[in-house]
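Structural characterization, general
Residues per chain are reported as follows:
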Amino acid sequence: MTSIHYYHAHVYYDAESMPLAKQLCESAVALFPAIKMGRMHQKPVGPHPDWSCQLTIPTAMMGEVMGWLALNRKALVLFIHPLTGNALQEHRDAAIWMGKVRPLKLDQFL
């Protein structure tokens, strides 16, 4: 089995839902100080089809954080994946979605 180093939770949003996404991300960091919050992107970045903010979550906290995100995400879509060193597998085969599944741009990992 491949070792999971961390998880990334990508919170998707648009101009209208950006304040809600920022509140969710900042609340997650306040409640779980080991989580690292990335930038609030106002354009699609990497394989992501929407604006997003990345939360880096330690593996040992994943169960508790997943439950909290599920109960607090409101209408936001979250794309969650492990970090193992195999980006294609992480994004394609090990993806966890909360909300509507969005099409990722996976060709950059081929």
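Anything mentioned here points back to the structure above.
Since the structure is predicted, the reported quantities are computational estimates derived from the model, not experimental observations.

**Here's the deal with the overall build of the protein**
- Scanning the protein from terminus to terminus reveals 3 helices and 5 strands.
- In terms of overall size, the protein behaves like a compact globule, its C-alpha atoms giving a radius of gyration of 13 Å where 110 residues would be expected to give roughly 13 Å.
- Expressed as lengths along the three principal axes of its C-alpha atoms, the size of the protein is roughly 35 × 30 × 20 Å.
- Residues counted as buried form 44% of the 110 residues belonging to the protein.
- Residue pairs at least 24 apart in sequence account for 62% of intrachain contacts in the protein once pairs closer than 6 positions are excluded.
- When the accessible surface of the protein is totalled, it reaches about 6100 Å², and 56% of it is carbon and sulfur.

**Some points on the pattern of salt bridges**
- Under the counting rule described, the total for this entry stands at 3 salt bridges.
- As a salt-bridge pair, Arg102 and Asp50 come within 2.7 Å of each other at their nearest N and O atoms. In this pair, Arg102 is assigned in the segment after strand E5 (96-98) and Asp50 in the loop between strand E2 (36-37) and strand E3 (51-58), connecting sequence segments 52 residues apart.
- Overall, the relative accessible area of 25% leaves Arg102 in the partly exposed class.
- The partner of Asp93 in a salt bridge is Arg92, with the nearest N and O atoms 2.8 Å apart.
- Residue classification places Asp93 among the partly exposed residues on the basis of a relative accessible area of 47%.
- Residue Arg92 is classed as partly exposed on the basis of its relative accessible area of 47%.

**Examining the nonpolar core**
- Residues Val11, Leu55, Ile57, Leu69, Leu78 and Ile80 are the most contacted members of the largest nonpolar core, which totals 25 residues.
- Mapped onto this core, the elements with two or more residues apiece are strand E1 (6-13), helix H1 (18-31), E3, helix H2 (62-72) and strand E4 (77-83).
- Aside from chain neighbours lying at most four places away, what touches Leu78 is His10, Val11, Leu24, Leu69, Arg73, Ile96, Trp97 and Met98.

**Describing the packing of aromatic side chains**
- All told, the structure shown has 4 aromatic pairs when counted by the stated rule.
- Consider the rings of Phe32 and Trp68, whose centres lie 6.1 Å apart with planes at 80 degrees: the pair is edge-to-face. With Phe32 in the loop between H1 and E2 and Trp68 in helix H2, this residue pair connects regions lying 36 residues apart in the sequence.
- Measuring from ring centre to ring centre gives 4.7 Å for Phe79 and Trp97, while their planes differ by 40 degrees; the resulting arrangement is tilted. Taken together, the residues Phe79 in strand E4 and Trp97 in strand E5 connect sequence positions 18 residues apart.
- Among the aromatic side chains, those forming a connected cluster through ring pairs are Tyr12, Phe79 and Trp97.

Reading the values: rules and limits
- Residues numbered from 1 in each chain as written.
- Predicted model: local features only at pLDDT ≥ 70, side-chain atom pairs only at ≥ 80, totals over all residues.
- Heavy atoms only, no water.
- Helix = DSSP H or I, 4+ residues; strand = E, 2+ residues; numbered from the N terminus.
- Rg over C-alpha atoms; globule rule 2.2 N^0.38 Å.
- Buried < 20%, exposed > 50% of the residue type's maximum accessible area, 1.4 Å probe, protein only.
- Contact = heavy atoms within 4.5 Å.
- Areas by Shrake-Rupley, 256 points an atom, 1.4 Å probe, with all protein chains shown as cover.
- Salt bridge = Lys/Arg side-chain N within 4 Å of Asp/Glu carboxyl O.
- Core = buried A, V, L, I, M, F, W, Y, C linked by side-chain atoms within 4.5 Å.
- Phe/Tyr/Trp six-rings, centres within 6.5 Å; stacked < 30°, edge-to-face > 60°.

Bear in mind that shape data such as this cannot, by itself, settle questions of function.
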